[in-house]
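Here are the chains, one letter per residue:
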Amino acid sequence: MQSVMTNLKRCFSIGYGLAWQHWDLWTWRLSERVRAHGPIILGLIIVALMLATASIVQRNEVELASWLATGTREEVLFDLSQAVGTTLVGATAIVFSLVLFALQVNVERLPHGLFRWLSRDPSLLMAFLASMLLALAIAISPITQAEIEAAWLVWGNAWAVVITLVLYLFAYNRALALINPARQIGSLVARTQRVMRTWGRRARRARPLIQSNLQAMGLEENELAGTDFALYSYFKQNAHWLDGARQALRYVSSMVRQSAMAGDHEASAAGLHAIVAVNRTYIESKGQSFFPDLRPFMINPFAGEGFVTDSLEHLRLTVDIAVHSRDEQLLTQLFGSFAGLSHLYAKIDYAHVAASKTEAALAATYLADAVETALSNKFIDVTMNGVRTMGKTASMMIIEGAPNDALTVIKKITDIGTGGLVLGIKEDLYYAVPKTATDQLRDHFILLLRSDHADVGFALRELRQRLHSLASMVLKVPGGESLLDRHSTILESFYSVTDPLSASQQLQHFIQNIDRQNEDDDASRRFLGHLEQWAEELYRGQKDLLLEAIEKRSHFAFDLIAWQCDIAKLLLAASTTPSCVPSLAADLRKHALWLASTSSWIPTDADTIRFVEAYRLSERLFDLARTGVVLQIPDEEIEAFEALLLSWAFGAGRERNGQRVLERGMFAIATLKLMREDRASVGSFLAAELAKEDAPAGDELLRAAAGIRERADTLWRERYSHSDIERAMEAQDREAMAALLQQIAAEFETAANAAEAGQG
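All figures in this text were calculated on a predicted structure; none of them were measured in a lab.

Enquirer: Requested: an account of the overall build of the protein, with residues and values cited.
Expert: A tally of helices and strands in the protein yields 32 helices and zero strands. In the protein, which comprises 760 residues, the proportion classed as buried is 48%. Summarising the internal contacts of the protein: among those between residues at least 6 apart in sequence, 76% fall at separations of at least 24. Counting only carbon and sulfur atoms, one obtains 57% of the accessible surface of the protein, whose full area is about 37,300 Å².

Shown next, in the form of structure tokens:
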């Protein structure tokens, strides 16, 4: 019974919540419709009431006429109508004088042309005229008593009074709308858009005539297939079609600045949105009459849009004013306007496959210049918002299929991040700027890898170079000696291996989700091709970064070591997917090996070895080689990874450093050989390394051999270890492992004895 009551209460609560939710939704929709169609609804209500009262008057016309004819009622009615009409004439004059005065006082600071246009608003003037005519009609209605029955005269005068009052209310609301800057801008933009659309329709109607004239003169359509040369010719011949739009840009820009100076940023935001809206209508009206800029292959004299430049210049001038007045909110709004224009221009149809998004890139450049201005004036938060806006703009270009055009923005983002580093030396707050820049570069890297565009190799290489440049500059600033050092914090969004949103983690997610049942997955194949283009020669920049981080003893070296090994593992994993063709798989494995080989450049002095091994380089190299074994890559490539691990173990084991790198390296080699069932090659594998002139000294070999024999004797003891090498070693057949370790120790002792005999 209790469970039944509980279920009933739960059902009642759910039903009660749903009922209120539906009620709120219904009332909201109703209020929105009333707000959108209020005048129409009010007009329909008045008409309905007029018809209803007219029907009542018609049915009771005789009774009303006899009642009014009694005594002096009719004379009083006529006197009252005349008095009311006369009063309304005066009231109308007073009301509209006050309304127009208030309107002119509030808009007097507007540009002259816009002031004149708003001061003679047709709706307001028509309301004044209608009110005056209704008042006069009421005043002179007694004169028409012979032609109009008294009942209908009462009905008409009563509704004339009501409509006059409604017109007063309309005039009041219309005046409020006209002095509202946002409504002023909206009205101006609506008028401008109507004119531009009208010109667009005229151009399309004239297109057949222009085409026939071109053919009659022996001229063909433009060589760029798809470009509407007829439309272009019409707009060129009627260059004045944009005069109104240019005037609107000037008016709106002026209102944006005045509103911002007055602290009305809501109105300034409306003005900036209006500039974007006018440009949208401009693009729609011009259609496919835009000409692409094909440089460096050729210079197109038809390319270039003066209206676009005018729009951007108005925004640039507003940026200067915002910086001078230190108006951060207006600056942020301007960044959004530049980005909005860039988004619009990126959608222009140039009708040419090789067309560059010239206008979009130009708007993005203006945006970047504005953000740089904000940084130079030390607007930290504004600069960070600007960098994010630039990042979204570049992402949009990549999505729209213009990755090379996005490089201009990407380079600017890197430059701004570098500028933040320079300012951060004096004040730590500025280090947030390069961190934000790194976040954006990470997003661009992921978008380029997943792009549907076939040719993103150049963009990926440039992005990689910019990231290396920014990371190198980060390493030049102080702050690499604490556990949570500044270097790692700034660059973590790309180089971290623990952040779920970092580049490596997202890359791992994509590779894991490649359809392993579909060999003909074009999207996966394209992704793998982009990944290979990015990974080609990746090791060059990473080697320099790693050596610089180690030299400065920055904890960012840990992120680099882990990141490089993880990326190498991901490249190996990508090479084994069904969508990866053999040639591409070989290239991916080669890039993984070269990336891992950056460890061979690490100095082997005692201090460096202690610093690097604190970050478990041996463990990382072992894990990489083991991944190759698990993925069953070719044996010669696994041996290359083993040789890399062995080279590090011998190089770091030349001197006594307390890290036991040589012994741990031999444990890793033994484990890998047993996993591959390749015990026979251990002797020759070690002999080649021991025969080198820079092999560890005899006493170091003997010390390592003793440690290896001790470990072989204690394999049967259960113990917990944090070492991946130790855990993997204990997972193997212990008798085989002990025998192999003894063999390795014997090889070391033989080499040590031979070296001692040679010295003797």
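Enquirer: Run through the pattern of salt bridges, naming residues and quoting values.
Expert: It is possible for side chains bearing opposite charge to pair when their charged atoms get close. In the structure shown here, the tally under the stated rule is 28 salt bridges. The salt bridge involving lysine 412 is made with glutamate 372; its shortest N-O contact spans 3.6 Å. Within this pair, whereas lysine 412 is found in helix α16 (residues 403-424), its partner glutamate 372 is found in helix α14 (residues 358-376), the two being separated by 40 residues in sequence. Note on glutamate 372: relative accessible area 26%, which makes it partly exposed. In this structure, arginine 616 and aspartate 724 form a salt bridge, with 3.9 Å as the shortest nitrogen-oxygen distance. Taken together, the residues arginine 616 in the loop between α25 (606-613) and α26 (617-630) and aspartate 724 in helix α31 (residues 724-730) connect sequence positions 108 residues apart. For arginine 616, a relative accessible area of 37% corresponds to the partly exposed category. Via salt bridges that share partners, Asp635, Glu639, Glu642, Lys673 and Arg676 belong to a single interconnected network.

Enquirer: Which residues make up the packing of helix α17 (residues 432-449) against helix α18 (residues 457-475), and what values do they have?
Expert: Closest axis-to-axis distance for the α17/α18 pair is 11 Å, and the angle between their directions is 160°. What the angle tells us is that α17 and α18 run roughly antiparallel. For the pair α17 and α18, the sense of crossing is left-handed. Judged by residue contacts, Pro434, Ala437, Thr438, Leu441, His444, Phe445, Leu448 and Leu449 of α17 engage Ala459, Leu460, Leu463, Leu467 and Leu470 from α18. Residues belonging to the contact of α17 with α18 are distributed by class as follows: eleven nonpolar, two polar and no charged.

Enquirer: Hey, could you go over the packing of aromatic side chains for me, with residue numbers and the actual values?
Expert: In total, this model carries 19 aromatic pairs according to the counting rule given. Judged by centre distance (5.2 Å) and plane angle (80°), the ring pair of phenylalanine 611 and tyrosine 615 falls under edge-to-face. Tyrosine 615 carries the same exposure label as phenylalanine 611, and that label is buried. Ring centres of phenylalanine 650 and phenylalanine 748 lie 5.9 Å apart, and the angle between their planes is 85°; this geometry places the pair in the edge-to-face category. Separated by 98 residues along the polypeptide, phenylalanine 650 in helix α27 (residues 635-652) and phenylalanine 748 in helix α32 (residues 734-759) bring together distant segments of the chain. The buried category is assigned to phenylalanine 650, whose relative accessible area is 2%. Between arginine 553 and the ring centre of phenylalanine 611, over which it is positioned, the NZ or CZ distance is 5.2 Å.

Enquirer: How would you summarise α26 if you had to cite specific residues and measurements?
Expert: Two residues of an α-helix separated by three or four positions point the same way, owing to the 3.6 residues in each turn. For α26, with 14 residues, the first-to-last C-alpha span of 20 Å sits near the 20 Å given by 1.5 Å per residue. The buried fraction of α26 amounts to eleven of the 14 residues, a majority that puts the element mostly inside the structure. Three or more residues of α26 are buried, namely Leu617, Ser618, Glu619, Leu621, Phe622, Asp623, Leu624, Ala625, Thr627, Gly628 and Val629. Buried positions along α26 lie against α23 (556-575), α24 (582-596), α25, α27, α28 (661-675) and α31.

Enquirer: Can you tell me about empty space enclosed by the protein, naming the residues and giving the values?
Expert: Applying the stated criterion across every chain, the model contains one cavity of 30 Å³ or more. Of the voids in this model, the largest cavity is the one considered here, and its volume is about 70 Å³. Every residue lining the largest cavity is listed: Leu546, Ile561, Gln564, Cys565, Leu595, Ala596, Thr598, Ser599, Leu617 and Leu621. Contributions of two or more residues to the lining of the largest cavity are made by α23, α24 and α26. A total of three residues in the lining of the largest cavity trace back to one element, the largest contributor, which is α23. Taken together, the residues that form the lining of the largest cavity break down as seven nonpolar, three polar and no charged.

Enquirer: Let's hear about unusual backbone geometry: which residues, and what values?
Expert: Unusually for a residue other than glycine, glutamate 537 sits at a positive phi of about 60°. Positionally, glutamate 537 belongs in the loop between α21 (522-535) and α22 (538-551). Overall, glutamate 537 belongs to the partly exposed group, its relative accessible area being 40%. The phi dihedral of arginine 553 falls on the positive side, at around 55°, and the residue is not glycine.

Enquirer: Account for a positive patch on the surface, with residues named and values stated.
Expert: There is a patch of like positive charges on the surface, built from Arg197, Arg201, Arg202 and Arg205. Residue position: arginine 202 is located in helix α8 (residues 181-216). For arginine 202, a relative accessible area of 36% puts it in the partly exposed group.

Enquirer: Outline the environment of arginine 525, supporting the account with residue identities and numerical values.
Expert: Structurally, arginine 525 is set in helix α21. Separated by 56 residues in the primary sequence, arginine 525 and valine 581 place their C-alpha atoms 8.3 Å from one another.

Enquirer: Tell me what's going on with the nonpolar core, and back it up with residues and numbers.
Expert: Counting 189 residues, the largest nonpolar core has Trp534, Met666 and Phe748 as the members making the most contacts within it. Per-element tally for this core: the top contributor is α23, with 13 residues. Once residues lying within four places of it in the same chain are set aside, the contact partners of tryptophan 534 are Phe445, Leu460, Arg464, Phe494, Trp563 and Ile567. Leu88, Ala135, Ile138 and Tyr168 belong to the second-largest nonpolar core, a separate cluster that totals 13 residues.

Enquirer: Before we move on, could you go through a nonpolar patch on the surface and cite the residues and values that matter?
Expert: On the surface, a nonpolar cluster with roughly 1,100 Å² of combined accessible area is contributed by Phe12, Tyr16, Trp20, Trp23, Trp26, Leu30, Val34, Ile41, Ile45 and Leu49. Where the nonpolar patch is concerned, the elements lending two or more residues are α1 (2-36) and α2 (38-59). Top contributing element to the nonpolar patch by residue count: α1, with seven residues. Its relative accessible area of 41% is what places leucine 30 among the partly exposed residues.

Enquirer: Hey, could you go over the environment of leucine 674 for me, with residue numbers and the actual values?
Expert: Structurally, leucine 674 is set in helix α28. As a C-alpha pair, leucine 674 and alanine 736 span 62 residues in sequence and 7.8 Å in three-dimensional space.

Enquirer: Kindly report on the packing of helix α10 (residues 243-261) against helix α12 (residues 306-324), identifying the contributing residues and their values.
Expert: Running from N to C, α10 and α12 point in directions that differ by 15°, and their axes come no closer than 10 Å. Regarding the angle of α10 to α12, the classification is roughly parallel. α12 is crossed by α10, and the crossing has right-handed handedness. Taking contact as the criterion, the partners of Ala245, Arg246, Leu249, Arg250, Ser253, Val256 and Arg257 in α10 are, on α12, Gly306, Phe307, Asp310, Ser311, His314, Leu317, Thr318 and Ile321. Residue composition of the contact of α10 with α12, grouped by class: six nonpolar, five polar and four charged.

Conventions used here
- Residues numbered from 1 in each chain as written.
- Predicted model: local features only at pLDDT ≥ 70, side-chain atom pairs only at ≥ 80, totals over all residues.
- Heavy atoms only, no water.
- Helix = DSSP H or I, 4+ residues; strand = E, 2+ residues; numbered from the N terminus.
- Buried < 20%, exposed > 50% of the residue type's maximum accessible area, 1.4 Å probe, protein only.
- Contact = heavy atoms within 4.5 Å.
- Areas by Shrake-Rupley, 256 points an atom, 1.4 Å probe, with all protein chains shown as cover.
- Salt bridge = Lys/Arg side-chain N within 4 Å of Asp/Glu carboxyl O.
- Axes fitted to C-alpha atoms, helices over the stretch in contact; angles between N-to-C directions.
- Parallel < 35°, antiparallel > 145°, perpendicular 65-115°, else oblique.
- Left-handed = near helix turned anticlockwise from the far one by under 90°.
- Nonpolar A, V, L, I, M, F, W, Y, C, P; charged D, E, K, R; others polar.
- Phe/Tyr/Trp six-rings, centres within 6.5 Å; stacked < 30°, edge-to-face > 60°.
- Lys NZ or Arg CZ within 6 Å of the ring centre and 35° of its normal.
- Expected span 1.5 Å × (residues − 1).
- 1 Å grid on protein atoms, 1.4 Å probe; cavity = no way out; pocket = protein on both sides within 12 Å on 5 of 7 lines; lining within 4 Å.
- Points joined across faces, edges and corners; volume = space filled by probe spheres on them.
- Patch = residues over 30% accessible without salt bridge, like charges linked within 9 Å, V, L, I, M, F, W, Y side chains within 5 Å.
- Lys, Arg positive; Asp, Glu negative; His and termini not counted.
- Charge placed at Lys NZ, Arg CZ, Asp CG, Glu CD.
- Core = buried A, V, L, I, M, F, W, Y, C linked by side-chain atoms within 4.5 Å.

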